[in-house]
Structures are given as structure tokens and as C-alpha cells.
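# Examining the three-dimensional arrangement
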Amino acid sequence: MSGQKKALKAYQQALIDAYYDTWMRQMLEPLYEAFQQWERGDLKHSDLTELIHKVHRENQKAYSFFTQNPTEIIVCIKLDSEWFSAWLKDNPPPPGVEL
């Protein structure tokens, strides 16, 4: 594999990893906060259980999305133009690499 091809694959994987991290944080941070509320006694067991099930369903969607072909994932990430533009600004492609 040429150096350019390796650089492209590494850059693509960095993009996918960053998007995955964003997706997971958006999904799991409310659950984390809910556990803290529950621990303090501010949230009922039933409400926490409902949120756990909701997050589980969202996680199944994430699994389906992130196990697709990487090229398809990247096309979808680019459609999230606000996120993609911000990521690109902080992570410019290496010389000669284009997504």
C-alpha cells in the first residue's frame, strides 16, 4: 500500500472515530446524568429504566450505522455538514489527501 493510500485510510478512520465519539457522547451523557439524578433520589427507577431502553435502541442504530462500509459512513458524515465542517477545520487533510 502506498504512503498516500495509508494516509487516506488513516485520515478516513480518524474522521469515523471522531464522529463515533460524538455520537456516543450525545447518546450516553444524558444517561450518565440520569444515573446521577437517580443516585441522588431525583429520578424514579422507572424513568431510569425507560431511558436505559431508549439508549439501548439508539445504540443498536449506532452499531448498524458504524458497521457499514467506511465509504458509506463517510458519505453520511459529510451530510452532517455543520459537524463535518467543524471537524475539517480542526483536522485538515494531509497533503494530497481528499475525502
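Below is a short write-up of the structure.

Definitions and limits used
Residues numbered from 1 in each chain as written. Predicted model: local features only at pLDDT ≥ 70, side-chain atom pairs only at ≥ 80, totals over all residues. Heavy atoms only, no water. Salt bridge = Lys/Arg side-chain N within 4 Å of Asp/Glu carboxyl O. Helix = DSSP H or I, 4+ residues; strand = E, 2+ residues; numbered from the N terminus. Buried < 20%, exposed > 50% of the residue type's maximum accessible area, 1.4 Å probe, protein only. Patch = residues over 30% accessible without salt bridge, like charges linked within 9 Å, V, L, I, M, F, W, Y side chains within 5 Å. Areas by Shrake-Rupley, 256 points an atom, 1.4 Å probe, with all protein chains shown as cover. Phe/Tyr/Trp six-rings, centres within 6.5 Å; stacked < 30°, edge-to-face > 60°.

### Structural notes on the pattern of salt bridges
Applying the stated criterion across every chain, the model contains four salt bridges. Here Glu29 ties to Arg25 by a salt bridge, and the two come within 3.7 Å at their closest N and O atoms. Here Arg25 and Glu29 lie together in helix α1 (residues 3–40), a separation of four residues that amounts to about one turn. Here Glu29 falls in the partly exposed class, since its relative accessible area comes to 40%. Lys61 is the salt-bridge partner of Glu58, the closest N and O atoms lying 3.2 Å from each other.

### Thoughts on the environment of Arg57
Tracing the sequence through the fold places Arg57 in helix α2 (residues 45–66). Owing to a relative accessible area of 47%, Arg57 belongs among the partly exposed residues under this scheme. It is 19 Å that separates the C-alpha atoms of Arg57 and Ile73, two residues lying 16 residues apart in sequence.

### Focus: a nonpolar patch on the surface
Together, Phe35, Trp38 and Ile52 make up an exposed nonpolar region whose accessible area comes to about 240 Å². One can find Phe35 in helix α1.

### Some points on the packing of aromatic side chains
Tallying each qualifying case throughout the model produces eleven aromatic pairs. When the ring of Tyr19 is compared with that of Trp23, the centres are 6.3 Å apart and the planes differ by 85°; the resulting orientation is edge-to-face. Taken together, the residues span about one helical turn, with Tyr19 and Trp23 both in helix α1 at a distance of four residues. Ring geometry for Trp83 and Trp87: centres 6.3 Å apart, planes at 10°, overall stacked. Separated by four residues within a single helix, Trp83 and Trp87 lie in helix α4 (residues 81–90), roughly one turn from each other. Trp87 carries the same exposure label as Trp83, and that label is buried. Connected via pairs of aromatic rings, a cluster forms that spans Tyr11, Tyr19, Tyr20, Trp23, Phe65, Phe66, Trp83 and Trp87.

Any functional reading would require information beyond the geometric quantities listed.
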